[in-house]
Amino acid sequence: MSFNSITKTLLTGIASAVILLMPSCVTSENEEETLSLDQGPYLEDIADDYIIPAYSSFLESSISLQKEVNSFTEQPSPSTYTSLSETLMDAYYEWEAIGFLDFGPAFTHTLRANINTFPTDNFAIEIAIESGEIDLDKISSYNKKGLPAMDYLINGAAAEEVIGNFTTDPFAENRKKYLVALAQDIVDRSNLVSQAWSFDGGNYRGTFIGNKGTAVGSSFGLMVNSLSQYLESFTRDARIGIPLGKRSQGVPIPKSVEGYYSQNSIALASSHINGLKRYYLLGTSSNHGMGLYDYVKSTKASYGEELLADAILNQFDEALTKVEAINLPLERAITEEYDLVNEAHTALQKLVVMTKVEMSSALGILISYQDNDGD
Amino acid sequence: MKKSYLPFLGLAMCFFACSETEETPSVQVPTTYEFERNGSSSVYFQGQTDRLDMLSELKSYLAEGNAGMVIEASKLLSLYSNANAPFASAALNESGKQLENKTNPADIEFIKSLLVQAAEVSKDVATNNTQAAEGVAGAIERGTSGKIINVTEKGWEFTEFIEKGVMGSVFYHQIFNVYLSESKTGDDVDNVNLEDGANYTPMEHHWDEAFGYWGVPVDFPNGDPVLDDAHKRYWASYTNGRDALLDINTPLMNAYITGRAAIVAKNNGLKNAQKPIIIGLHELVAAATAVHYINNSMNSLSTGDTGSLFHTLSEAYGFIKAIGQSPNKQLSQANIDEILNSDFGTEGDFWTITMDGLHAAKDKLTRAYPSLKNVEDEL
């Protein structure tokens, strides 16, 4: 508690100090250079090399997932079950590469909350199945739907028992309907966002590329704000900090891990951080497009001895190493391998500061979101 | 940057200039809200400060409900009407002032019914730990902050609805519709004789009473800090909060000071010219703050943080309702109703809020207040 609040206060302090300094930064060389730089090629690469293909991949995965759901519900058997279970994880890994793109159409369609609100409410899901009332459109349904709800329905018990739930159980038909509705909802929403980016659809790509500058509502303003907020709230807190007890006076909360029922939290977190790194770098170290990395690099901002752009890249690797060093499933590691999990948390915390404070300041972008601690 | 009050300011400057050329009495405009007659202050607004303090006690007591304690309806209603010595401050108990009888009569029932429900829900939460759900009043956490708020079955946070409700239905209502009205500061109001046992004329005092509801220090905004802890609340705080983007502190303060100086100089034209500036800027603060909280709400909706969403929506609801107190409001009553009853969920049921609804509400506000358009994402 005290450690957490001190860090938080410190961080808020640093952030506010940076915000206060902002007006004076406006005339700094970094800023002028950033403004004189044509953002167009960067935005095009980010859209074409990462965002649009990533959304397409997830849409394809969600369509595959829907097919497997249909096969399984038409004929629940060990083989259709295994196939479904594997496809669900594939889709989940694909999701990890786009969940953090929380701006533009994804923001408008509240994609993240609809697809990946965890922990899911298994009790409420059972009540909905018994009553046969399926409503997936309201904000109160976030924790009863999406991938975590599917994780519960498919991985919530041993294979045999799950198959029984979909065959011999008195509510088997309702359960099938619920699972089918979940799969449909994921396809519909990922399709909406994918369409919104496409040229034939909403052409948000055009808007994105044309929305230059460093204002809060500009494309870079949106990307940096959403990235920073996501790293803070969902990468650091939701995936690691909250299960570890950082928000509950040190009391761990195993059930709040991502992918609780599949026990795949670490693999999911690893996919997620890999996705973030690819988004940042747009490719491999030797061959990459002009993305956030190059944009930060163009400011020549430094971080200690190295360039800030490289320091952030290294920190993604550092976070990845620390997360992958956790051996046990996260719900156990938070108690049995506390130090390893805590080190991963520390690495992510450093990444948050580098993005929220250093990157935003180097790019002259105001962090406009607020955490929940204000009045 | 274009600001909506520029025309008013221009008008005021014109009056200012005219007052010299037309040989009306010259107006000495001081830099602070301090005026004297025969060597002692002629400014007095203790009654307004008392009511601000009353709201602070009411709000603190309501907050006990958020902390899981049982709060009593009888005490809440007494704090609202200053009955049975409800305040910790003896001075407030004996002040003879209250919030209820200064509330816009159209809003009294709304506030009292929320006070009664706040008590009921606090009991339910304390006894059964009832959690808020669609159609169910109860407790809900804001994000993972550990901060719990009690809300109605529509997700309305009691503390915010009552605090912002009183700010609009008492403080703004009194400034706009009472003290800046013809009956209190019109040209026919007595500005010659001093009130019994006082050092001010009725018109001077009425102007001070409007100023008192704003709640800023007399040297605003030049103090260090601009607002000390005693003044960092209600409209003073929200005005200052929007100043960086909209530049409101100084023009609003100047309008109050100029109006008061004009009253001393018996210059009715200059005094009257300040009224639309004051009302317009106060209204702009409410509108800009509403946009600010709508932005926060969009963010919480996107992150799926229902507790924080309800908190900021409750704030936004109160500020939009407060706009309705303005006699000159640029946002039509029809638009206000549509935001509150439709954009903010079906019949204001926050559980049915959508991103489209929030965009529609924001759009109505930035159309009605064009100066907000440029800063709509930064607010």
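Residues numbered from 1 in each chain as written. Chains lettered and ligands numbered in written order. Predicted model: local features only at pLDDT ≥ 70, side-chain atom pairs only at ≥ 80, totals over all residues.

Per an unreviewed UniProt entry, chain B is named DUF4856 domain-containing protein, and its organism is Echinicola pacifica.

**What about the overall build of chain A?**
A tally of helices and strands in chain A yields 17 helices and two strands. For chain A, the residues scored as buried account for 49% of the 375 residues in total. (Helix = DSSP H or I, 4+ residues; strand = E, 2+ residues; numbered from the N terminus. Buried ≥ 20, exposed ≤ 12 C-beta atoms within 10 Å, placed from the backbone.)

**Description of the overall build of chain B**
From N to C terminus, chain B includes 14 helices and four strands. For 379 residues, the compact-globule estimate of 2.2 N^0.38 gives 21 Å, and chain B sits close to it at 21 Å. Overall, the C-alpha framework of chain B stretches about 70 × 50 × 35 Å when taken along its three principal axes. When burial is assessed residue by residue, chain B has 49% of its 379 residues classed as buried. If you take every contact in chain B between residues at least 6 apart in sequence, the share linking residues at least 24 apart comes to 66%. (Rg over C-alpha atoms; globule rule 2.2 N^0.38 Å. Contact = placed C-beta atoms within 7 Å.)

**Focus: the packing of helix α15 (residues 308–324) of chain A against helix α17 (residues 338–363) of chain A**
Residues and elements named next belong to chain A. It is the contact of α15 with α17, at a shortest axis distance of 9 Å, that shows an interaxial angle of 160 degrees. One element, α15, and the other, α17, form an angle in the roughly antiparallel class. At the point where α15 passes α17, the crossing takes the left-handed sense. Across from Leu308, Ala311, Ile312, Gln315, Phe316, Glu318, Ala319, Lys322 and Val323 in α15, the residues of α17 making contact are Glu343, Ala344, Ala347, Leu348, Lys350, Leu351, Met354, Glu358, Met359 and Ala362. The residue inventory of the contact of α15 with α17, partitioned by class, reads 13 nonpolar, one polar and five charged. (Axes fitted to C-alpha atoms, helices over the stretch in contact; angles between N-to-C directions. Parallel < 35°, antiparallel > 145°, perpendicular 65-115°, else oblique. Left-handed = near helix turned anticlockwise from the far one by under 90°. Nonpolar A, V, L, I, M, F, W, Y, C, P; charged D, E, K, R; others polar.)

**A short note on the environment of Tyr81(A)**
Note on placement: Tyr81(A) falls in helix α4 (residues 78–96). Expressed as a C-alpha distance, the spacing of Tyr81(A) and Asn155(A), which sit 74 residues apart in the sequence, is 10.0 Å.

**What to know about the domain arrangement of chain A**
Residue and element names in this part refer to chain A. Structurally, chain A comprises domain 1 (2–36 + 214–363) and domain 2 (57–206). Residue-level contacts link 18 residues of domain 1 with 15 residues of domain 2. Elements that contribute at least two residues to the side of domain 1 that touches domain 2 include exactly α12 (219–244) and α13 (265–281). Across the side of domain 1 that touches domain 2, the residue classes tally to eight nonpolar, eight polar and two charged. (Domains from an automatic or database assignment.)

**What to know about the interface of chain B and chain A**
Counting residues at the interface gives 21 residues for chain B and 23 residues for chain A. For the side of chain B that touches chain A, the secondary structure elements donating two or more residues are α11 (268–303) and α12 (306–323) of chain B. In terms of residue count, the dominant contributor to the side of chain B that touches chain A is α11(B) (five residues).

**With respect to the nonpolar core**
Ranked by internal contacts, the top residues of the largest apolar core, which has 106 residues, are Ala287(B) and Ala290(B). Excluding residues that lie within four positions of it along the chain, Ala290(B) makes contacts with Ala316(B), Phe319(B), Ile320(B) and Leu365(B). One finds Leu43(A), Met223(A), Met354(A) and Met359(A) within the second-largest nonpolar core, a separate group that totals 99 residues. (Core = buried A, V, L, I, M, F, W, Y, C linked by C-beta atoms within 7 Å.)

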